[in-house]
Amino acid sequence: MVIARSAGVVRFPARFLMVLAANPCPCGRFSQTDDLCECAPMSIRRYQARLSGPLLDRVDLRVEVDRVTRDQLTGRGSRGESTATVADRVRAARERAAARFADTPWRTNSEVPGRELRSRWHAERGAMDEAERSLERGALTARGLDRVLRVAWTVADLVGHDRPGATDVALALQLRTGVPRGVPMAIGALT
């Protein structure tokens, strides 16, 4: 971990996963699909602005979690994939990444510096076009673009692609920005 301040830069050995959770509005019921929230739009914007841009720029995935239904809570709803199925897919994805990085100091996509990722491991031709347009419009920062590419590699590894394609990048961009882009959120749905 590197901490930079006006007095200097200090590097500490650290490996961690930061997870943040926040309500979407003061009442906690705002959703892009439901209309249960009664908060004023200005109140929602002010509430969401409490998380600073520089902090949010370091968050790779932004996922809106839907309310749990009664059927889901009581176990009568449809079941997702088994833990064993997901664990097998993650194991295979980590093996793909480890093979790709065999002659490097890295083993996972998260460890590769953005500069190296951009110069050595490219997505398919044209796959990054939408993400690059988001950078040009100011919807993504340079750091954000690197993180979209990093997540796209992880998506590609999870679904067994040799390199990220347009669908992998679109899902990574959707996960980064929280803006729906017409791609399934479930990795299992992409296979």
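To start, this report covers the structure provided alongside it.

### So, the overall build of the chain
Next, step 1: On a plain count of helices and strands, the chain comes out with 9 helices and 2 strands.
Next, step 2: Along the chain, helices and strands appear, N-terminal first, in the series β-β-α-α-α-α-α-α-α-α-α.
Next, step 3: Structurally, the chain occupies a C-alpha span of about 55 × 50 × 35 Å along its principal axes.
Next, step 4: The 191 residues of the chain split such that 30% are buried.
Next, step 5: In the chain, 52% of the contacts between residues at least 6 apart in sequence involve partners at least 24 apart.
Next, step 6: Counting 31 positive and 23 negative side-chain charges, the chain places the averaged centre of each group 6 Å from the other.

### Examining the pairing of strand S2 (residues 8-11)
The side chains of a regular strand alternate, first on one face of the sheet and then on the other.
Next, step 1: The pairing of strand S1 (residues 2-5) with S2 spans 4 bridges and is classified as antiparallel. Of the residues in S2, the one forming a bridge with Arg 5 is Gly 8.
Next, step 2: Taking the residues that link successive antiparallel strands as the turn, the S1-S2 hairpin has 2 residues.

Each value, and the rule that gives it
- Residues numbered from 1 in each chain as written.
- Predicted model: local features only at pLDDT ≥ 70, side-chain atom pairs only at ≥ 80, totals over all residues.
- Heavy atoms only, no water.
- Helix = DSSP H or I, 4+ residues; strand = E, 2+ residues; numbered from the N terminus.
- Buried < 20%, exposed > 50% of the residue type's maximum accessible area, 1.4 Å probe, protein only.
- Contact = heavy atoms within 4.5 Å.
- Lys, Arg positive; Asp, Glu negative; His and termini not counted.
- Charge placed at Lys NZ, Arg CZ, Asp CG, Glu CD.
- Pairing = 2+ DSSP bridges.

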